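Single-letter residue listing:
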Amino acid sequence: MKKLNLLFVVITSVLITSCKKEISPILEITVVDTLNTPVSRAKVKLTVDGAIFGAVNPQALDSSRTDAFGKVFFEFDNTILVDAAVYNGNTKVDSTSVLLETKRLKRNEDNVFERKLIYR
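We now turn to the structure provided with this report. (Residues numbered from 1 in each chain as written. Predicted model: local features only at pLDDT ≥ 70, side-chain atom pairs only at ≥ 80, totals over all residues. Heavy atoms only, no water.)

## A few points about the environment of Asp-94
The topology assignment puts Asp-94 in strand E7 (residues 91-100). In this structure the C-alpha to C-alpha distance between Asp-94 and Leu-117, which are 23 residues apart in sequence, comes to 6.0 Å. What Asp-94 contacts, discounting residues up to four positions off in sequence, is Ala-84, Ala-85, Val-86, Lys-116, Leu-117 and Ile-118. A distance of 2.8 Å separates a polar side-chain atom of Asp-94 from the backbone nitrogen of Ile-118. (Helix = DSSP H or I, 4+ residues; strand = E, 2+ residues; numbered from the N terminus. Contact = heavy atoms within 4.5 Å. Polar contact = N/O pair within 3.5 Å; in protein donor to acceptor, adjacent residues only side chain to side chain.)

## Remarks on the packing of aromatic side chains
Evaluated as defined, the whole model comprises zero aromatic pairs. Across from the ring centre of Tyr-87, 5.1 Å away, lies the NZ or CZ of Lys-45, which sits over that ring. (Phe/Tyr/Trp six-rings, centres within 6.5 Å; stacked < 30°, edge-to-face > 60°. Lys NZ or Arg CZ within 6 Å of the ring centre and 35° of its normal.)

## Digging into the side chain of Asp-83
Assignment of secondary structure puts Asp-83 in strand E6 (residues 80-88). The side chain of Asp-83 sits in the buried core without any salt bridge; Lys-92 is the nearest counter-charge, 7.1 Å away. Non-local contacts of Asp-83, meaning those with residues more than four positions away in its chain, are made with Lys-45, Leu-46, Thr-47, Val-48, Asp-49, Thr-96 and Ser-97. (Buried < 20%, exposed > 50% of the residue type's maximum accessible area, 1.4 Å probe, protein only. Lys, Arg positive; Asp, Glu negative; His and termini not counted. Salt bridge = Lys/Arg side-chain N within 4 Å of Asp/Glu carboxyl O.)

## Quick look at the sheet that holds strand E3 (residues 43-47)
One open sheet accounts for four strands, arranged E4-E3-E6-E7; its pairing is antiparallel. Either end of the sheet is taken by a strand with one partner, and the two such strands are strand E4 (63-65) and E7. If you compare each strand with its neighbour and ignore which way they point, the axes differ by 20° on average. Where E3 and E4 come together, three bridges link them in antiparallel fashion. Across the sheet, Val-44 pairs through a bridge with Ser-64, a residue of E4. (Pairing = 2+ DSSP bridges. Axes fitted to C-alpha atoms, helices over the stretch in contact; angles between N-to-C directions.)

## Observations regarding the pattern of salt bridges
Counting across every chain of the model gives one salt bridge. Note that Lys-71 and Glu-28 form a salt bridge whose closest N and O atoms lie 2.7 Å from each other. Of the two residues, Lys-71 is situated in strand E5 (residues 71-75) and Glu-28 in strand E2 (residues 26-32); the sequence distance between them amounts to 43 residues. Lys-71 gets classed as partly exposed once you look at its relative accessible area, which sits at 26%.

Take a look at the structure:
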């Protein structure tokens, strides 16, 4: 009887711990104009506070242009705090700060943080 109980405990613990795994964060930025229409080819830049004075993960200092749906995606390995800004030429027109956390989720779940920026 003790062996069956031990076997049950082992199987249960394996199932519980294997159902969830750490999922890296993804930042999804949607850029829209003042009429809420997606803006394609808008430049979005990521920065972090203190980037000038210290060592920073290179993924945190990235930039990209939005697709035809006004979206751009940034993937990260670990939890990170980033500032995202949309630019009109060399002028910053909107920005936000986002804490992107690594989470323990079920296998089919995504760890996507969505933000909207207004292009003026």
